[in-house]
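# Structural description and commentary
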Amino acid sequence: QNSRHPHYEEGEWEIHRSKIKELYIDKNLSLKETMKTMLDDFAFNPSEKMYKDKFKEWNLSKYLPKGKARFMLSKHEQRKRQLPEGKDTIFIYGEQSWTIERVRKTIKKAKLANHEQDVDTPYDITYRTPQNVPTSPYSTCLSKEGSSPTQKWTPIPRASKSELCFLQLTWNGHSLPDIEVIKRDARRLDYEGDVENAEKRYREALAGLENLLSPTHADTNALAYQLAAFYTGNDRMDDADKVLNWMSEKHMERWGMAHENTMRHSLRVAELLNEWNRTDDATSFLYRVFDAWDKGDYDDPDPSRVNVSRQEPSRAATERPETVDPTGAFTETDDPARVDYQLGLAEAQAIRNDESAEPLLIRLAEQCEKYPQKLSEQILQARNALVKLFKRRGDEEGVKIALRKARDALNSVLASASMKTERLLKVGIRVAALHVERAGSNIAEDMFQLLGDKAEEWFGTDHESTIRLLIHIGKIYQEEDMWSNAEPWFERALSASMTANGVESTMTQRLERALESQRYTIDALTHQEL
């Protein structure tokens, strides 16, 4: 069975993700037809179960549940009355767009009652007003040079790729494996101090990923963040900002302001600014995002509103307010995406040693605990942030209390979790990791054991998500120079990998090398785990 359906790494799935979506969702092929096409055209041969597991992970669904359809119809009617000229609404669910015509067909087919309801927006649905022109990279080619009155930053000059469309197999004669070689060459040149040529190769690789995958693909994002960090490391902060602004514009063109992917990018930008000692800029950036969101600018966004800049921060972002929340940005909500933003803003203030950070984080933690089914990840993130806050202050008693509350929160969340995701367990692992140094290895080990057991219960003992989580725990111990604690986790991951992937797989051999050398490492030039 393993020979018929080999194990594929996460990166291999991501390479084919857009094609799989095109076949299964856009062309409405059956799963078996999709599998056959992927095998015949790309020699990509996962099992049916692997596909279904990946669809669940990607939230990829071609069918609209009845409850989602009812919500969409109700929200459409409400917005049609509220928006000028009675504009329509487009909904995003399951990695595809749902027009109101499609929604009505679902309602009619299911024979559902047509009546409005006043409910909160489901966590997995976003919506926006349709744009006058298509902006999705999957539906249009790049504009020709000169179509825009102002020249914006791009990975390479626009003229070299103005005729290319996103549905192509090569770019400038390069395939995806060629782009991987260019990325490695860029890292090598960077490592050797050849800044000029490293920059050229980084930008060439980024342009290749932009065209062969998409400007907002996970691999494109990862390389763009790396290019921004490269510029920062060479005292070229303005160029780093240009890269981040380019990414923000592409995310808003593709997804809109309120989509989870755009929000996740914005939070990553704030994290980078904090890492680069630009805490005022990070706080100001997040406040501007909130401002655009609250004013409804996500329906017709102006990307420059939320660009990274080193302008004078707003008063709210720089002064210590007399009240905890002078801007209203922390209004109580059970929307996971909005709470993620609130947490990002509170953590940015904590890094700036703003005295309002502690009451904000406490309030956010207590707010999240009112909605444990919808905000389980955010509960743990808030408790995690409080531990870091007290640790940064050197408040040992505060750390002790915060650790206990984080531990209690983890036990409660895992006991009642309705959304059993790898991401939730990763957040849980971060909570447990804080206990390794502070609360002693025995407490941490008990927490890790609980998380490892949950991974096997939720996904299966030999599922790729379980293997990744086991390795993650092992690496945490390794970073603390506790190999005797790390080794059993790598052994557990090896056993699962041998069952799932076979003894000759890359993952299995990688784990075997780690156990032999007592070190699980990442190559400095390729960024590949060894």
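Residues numbered from 1 in each chain as written. Predicted model: local features only at pLDDT ≥ 70, side-chain atom pairs only at ≥ 80, totals over all residues. Heavy atoms only, no water.

## Observations concerning the overall build of the chain
The following threshold applies: A helix here means a DSSP run of H or I that spans at least four residues, while a strand means a run of E at least two residues long, and both kinds are numbered starting from the N terminus. Whether a residue is buried, partly exposed or exposed follows from its accessible area with a 1.4 Å probe, protein chains only, as a fraction of its type maximum: under 20%, in between, or over 50%, in that order. Any two residues whose heavy atoms approach within 4.5 Å are treated as being in contact. Computed with the Shrake-Rupley method and a 1.4 Å probe, the accessible areas treat only the protein chains shown as cover for residues.
In terms of regular secondary structure, the chain is built from 21 helices and three strands. Scored against the burial criterion, the 530 residues of the chain give a buried share of 51%. Looking at the chain alone, contacts between residues at least 24 apart form 66% of all its contacts between residues at least 6 apart. Looking at the chain as shown, the accessible area adds up to about 25,600 Å², and 47% of this sits on carbon and sulfur atoms.

## Section: the pattern of salt bridges
Stated precisely, the cut-off is as follows: Any carboxyl oxygen of Asp or Glu within 4 Å of a side-chain nitrogen of Lys or Arg constitutes a salt bridge here.
Per the counting criterion, the structure on display carries 38 salt bridges. With a closest N to O distance of 3.2 Å, Glu-77 and Arg-104 form a salt bridge. In this pair, Glu-77 is assigned in helix α4 (residues 66-82) and Arg-104 in helix α5 (residues 100-110), connecting sequence segments 27 residues apart. Exposure remark for Arg-104: the relative accessible area of 40% places this residue in the partly exposed category. Between Arg-393 and Glu-358 there is a salt bridge; the shortest N-O distance is 2.6 Å. Of the two residues, Arg-393 is situated in helix α15 (residues 376-393) and Glu-358 in helix α14 (residues 357-368); the sequence distance between them amounts to 35 residues. The network of salt bridges with shared partners includes Lys-54, Glu-57, Glu-422, Lys-426, Glu-464 and Arg-468.

## Quick notes on the side chain of Lys-54
Position of Lys-54 relative to the elements: it lies in helix α3 (residues 48-58). Since its relative accessible area comes to 2%, Lys-54 is described here as buried. Setting aside anything within four residues of it in sequence, one finds Lys-54 in contact with Glu-10, Trp-13 and Glu-464.

## Examining the packing of aromatic side chains
Here is the rule: Side-chain rings of Phe, Tyr and Trp, where Trp is taken by its six-membered ring, are said to pair if the distance between their centres is within 6.5 Å; with planes under 30 degrees apart they count as stacked, over 60 as edge-to-face, and otherwise as tilted.
Per the counting criterion, the structure on display carries 16 aromatic pairs. Ring centres of Tyr-24 and Phe-55 lie 4.7 Å apart, and the angle between their planes is 25°; this geometry places the pair in the stacked category. Taken together, the positions of Tyr-24 in helix α1 (residues 10-26) and Phe-55 in helix α3 put the pair 31 residues apart, joining distant regions of the chain. In this structure Phe-55 comes out as buried when scored by relative accessible area, which is 7%. Of the aromatic side chains, those joined through ring pairs into one cluster are Tyr-8, Trp-13, Tyr-24, Phe-44, Tyr-51, Phe-55 and Trp-58.

## Some remarks on the environment of Glu-456
The residue Glu-456 is located in helix α18 (residues 441-459) in this model. Judged by relative accessible area, Glu-456 falls into the partly exposed class, the value being 23%. For the pair Glu-456 and Leu-469, spaced 13 residues apart in sequence, the C-alpha separation works out to 9.9 Å. In contact with Glu-456, other than residues within four places in its own chain, are Thr-461, Thr-466 and Arg-492.

## Quick word on the environment of Gln-509
Tracing the chain through its elements places Gln-509 in helix α21 (residues 506-517). Along the chain, Gln-509 and Leu-494 lie 15 residues apart, while their C-alpha atoms are 8.7 Å from each other. When sequence neighbours within four positions are dropped, the list of residues in contact with Gln-509 reads Val-503 and Glu-504.

## Quick notes on the nonpolar core
One broad rule of soluble globular proteins: the nonpolar side chains tend to lie buried together. Stated precisely, the cut-off is as follows: Definition of nonpolar core: a set of buried residues of the types Ala, Val, Leu, Ile, Met, Phe, Trp, Tyr and Cys, connected through side-chain atoms within 4.5 Å.
If you look at the biggest cluster of nonpolar residues, it comprises 111 residues, and the most contacted ones within it are Phe-448 and Tyr-477. Every residue in contact with Phe-448, bar those within four places of it in the chain, is listed here: Ile-429, Ala-432, Ala-433, Val-436, Ile-473, Ile-476, Tyr-477 and Trp-489. Grouped together as the second largest cluster of nonpolar side chains are 14 residues, Trp-13, Leu-23, Met-38 and Leu-60 included.

## Considerations on unusual backbone geometry
In most cases, non-glycine residues show a negative phi, while peptide bonds are predominantly trans. Positive phi, close to 60°, is recorded for Asp-235, a residue that is not glycine. In this structure, Asp-235 sits in the loop between α8 (218-233) and α9 (237-255). Residue classification places Asp-235 among the exposed positions, given a relative accessible area of 74%.

## Things to note about the packing of α1 against helix α2 (residues 31-42)
For any two helices packed against each other, one specifies the inter-axial angle together with the distance between the axes. For clarity, the threshold we go by: Whenever a helix is involved, its axis is fitted only over the stretch in contact; in every case the axis is a line through C-alpha atoms, and angles between N-to-C directions fall within 0 to 180 degrees. Any angle that is under 35 degrees is reported as roughly parallel, and any over 145 degrees as roughly antiparallel; angles of 65 to 115 degrees are reported as roughly perpendicular and all others as oblique. We call a crossing left-handed when the near helix sits turned anticlockwise from the far one by less than a right angle, and right-handed when that turn is clockwise. Note that Gly is not counted as nonpolar here; it falls among the polar residues with everything else outside the nonpolar set of Ala, Val, Leu, Ile, Met, Phe, Trp, Tyr, Cys and Pro and the charged set of Asp, Glu, Lys and Arg.
The contact between α1 and α2 brings their axes to 9 Å, and the two run at 135°. With respect to each other, α1 and α2 are oriented oblique. Viewed along their axes, α1 and α2 form a crossing whose handedness is right-handed. Where α1 abuts α2, its residues His-16, Lys-19, Ile-20, Leu-23 and Tyr-24 lie against Leu-31, Thr-34, Thr-37, Met-38 and Phe-42. Taken together, the residues that form the contact of α1 with α2 break down as six nonpolar, three polar and one charged.

## Remarks on the environment of Ala-218
For Ala-218, the location among the structural elements is in helix α8. Sequence separation of Ala-218 and Gly-11 is 207 residues, and the distance between their C-alpha atoms is 9.4 Å.

## With respect to the packing of helix α13 (residues 336-351) against α15
Close contact between α13 and α15 brings their axes to 11 Å; oriented N to C, the two are set at 0°. Judged by the angle between their axes, α13 and α15 are roughly parallel. Each of Pro-336, Val-339, Asp-340, Leu-343, Glu-347, Ala-350 and Ile-351 in α13 lies in contact with α15, whose residues at this interface are Gln-378, Gln-381, Ala-382, Ala-385, Leu-389 and Arg-392. Looking at side-chain class alone, the contact of α13 with α15 contains eight nonpolar, two polar and three charged residues.

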